[in-house]
Amino acid sequence: MLSTRRNPALEAKIAQMARTLRPLVRVTNGAHHPSFPLTILNFHLLTSEQCDDLAHHFHQRTPSEWTGLYPMRIEWRSDATLDEKRRRIGRFIGLRGCESPMVVRTEDDIEREARRARAREEDEVMKRKLRWYN
C-alpha cells in the first residue's frame, strides 16, 4: 500500500532533477546539440558517447580556433571515466558542484610517501657508490 504522507526530501530531489537547463549553442553556427541535457535529470543520464559528442560539438574534444570562444575551456580525455566526463561537461555548461574532487591525504599518507622517497634516494646513492666496485 502506498503511503499518503509527504516526503519533503523526495519532493525536493524531484524538483531539483526537473530543473530545466538552457542549451549552450555552438559558436560557429548557433546550433545546440540534440543530446544536450534539457534537465538536471537528463544531465545525470548522459552516456560516455554523448559526453564525447557534446565535447566534440563544442570544439573541446579536438581543439581548434573556436575552442577558446566558449565561456570556459575543458581539457577533454576520451579515456576518462563516465563520472569525469559528466563532471567536465557539467562544469563547461555552468552547473554548480561539478568541480574536480580534491584529493585529501592524511598525515599517515604523507609520512608514508616521504619514507618511500627517502628510501628511493638512499637506493640511488648506494647504486652510485656500488657502481665503482663492479
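Right above here is the structure, for reference.
What counts, and where the lines are drawn
Residues numbered from 1 in each chain as written. Predicted model: local features only at pLDDT ≥ 70, side-chain atom pairs only at ≥ 80, totals over all residues. Heavy atoms only, no water. Axes fitted to C-alpha atoms, helices over the stretch in contact; angles between N-to-C directions. Helix = DSSP H or I, 4+ residues; strand = E, 2+ residues; numbered from the N terminus. Left-handed = near helix turned anticlockwise from the far one by under 90°. Contact = heavy atoms within 4.5 Å. Nonpolar A, V, L, I, M, F, W, Y, C, P; charged D, E, K, R; others polar. Patch = residues over 30% accessible without salt bridge, like charges linked within 9 Å, V, L, I, M, F, W, Y side chains within 5 Å. Areas by Shrake-Rupley, 256 points an atom, 1.4 Å probe, with all protein chains shown as cover. Salt bridge = Lys/Arg side-chain N within 4 Å of Asp/Glu carboxyl O. Lys, Arg positive; Asp, Glu negative; His and termini not counted. Charge placed at Lys NZ, Arg CZ, Asp CG, Glu CD. Expected span 1.5 Å × (residues − 1). Phe/Tyr/Trp six-rings, centres within 6.5 Å; stacked < 30°, edge-to-face > 60°. Buried < 20%, exposed > 50% of the residue type's maximum accessible area, 1.4 Å probe, protein only.

A. View of the packing of helix H3 (residues 48-57) against helix H4 (residues 82-93). With their axes 9 Å apart at the nearest point, H3 and H4 run at an angle of 35° to one another. With respect to the hand of their crossing, H3 and H4 are arranged in left-handed fashion. The residues of H4 that touch H3, namely those facing Ser48, Cys51, Asp52, Leu54 and Ala55, are Leu82, Lys85, Arg86 and Ile89. Taken together, the residues of the contact of H3 with H4 sort by class into 5 nonpolar, 1 polar and 3 charged.

B. Spatial organisation of the environment of Gly94. By the secondary structure assignment, Gly94 is in the loop between H4 and helix H5 (107-131). Once the C-alpha coordinates of Gly94 and Pro71 are considered, the two residues, 23 residues apart in sequence, prove to be 8.9 Å apart.

C. View of the side chain of His57. Locating His57 in the fold gives a position in helix H3. The contact partners of His57, leaving out residues within four places of it in the chain, are Arg26, Ala31, His32, His33 and Tyr70.

D. Representation of a nonpolar patch on the surface within the structure. On the surface, Val27, Trp66 and Leu69 cluster together into a nonpolar patch covering about 270 Å² of accessible area. Residue placement: Leu69 occurs in the loop between H3 and H4.

E. Summary view of a negative patch on the surface. Together, Glu121, Glu122, Asp123 and Glu124 line one region of the surface with negative charge. Topologically, Glu124 is positioned in helix H5.

F. Here's a closer look at H4. Over its 12 residues, H4 runs 16 Å from end to end, which matches the ideal 16 Å to within 8%, given 1.5 Å per residue. Looking at the buried residues of H4, the elements they touch are helix H2 (40-44) and H3. Looking one or two residues beyond H4, the residue adopting positive phi is Gly94, at roughly 95°.

G. Structural context of the packing of aromatic side chains. All told, the structure shown has 4 aromatic pairs when counted by the stated rule. An angle of 80° between the planes, with centres 5.8 Å apart, marks the rings of Phe58 and Tyr70 as edge-to-face. In this pair, Phe58 is assigned in the loop between H3 and H4 and Tyr70 in the loop between H3 and H4, connecting sequence segments 12 residues apart. When sorted by exposure, Phe58 lands in the same class as Tyr70, which is buried. Ring centres of Phe58 and Phe92 lie 5.6 Å apart, and the angle between their planes is 45°; this geometry places the pair in the tilted category. Residue Phe58 is located in the loop between H3 and H4, and its partner Phe92 is located in helix H4; the two are separated by 34 residues in the primary sequence. For the residue pair Phe58 and Phe92, the accessibility class agrees, reading buried in each case. In this structure an aromatic cluster arises from ring pairing among Phe36, Phe58, Tyr70 and Phe92.

H. Seen up close, the pattern of salt bridges. In the structure shown here, the tally under the stated rule is 4 salt bridges. In this structure, the salt-bridge partner of Lys85 is Asp52, at a minimum N-O distance of 3.1 Å. Of this pair, Lys85 sits in helix H4 while Asp52 sits in helix H3, and the two are 33 residues apart along the sequence. The shortest N-O distance in the salt bridge between Asp79 and Arg77 comes to 3.1 Å. A relative accessible area of 32% places Arg77 in the partly exposed class.

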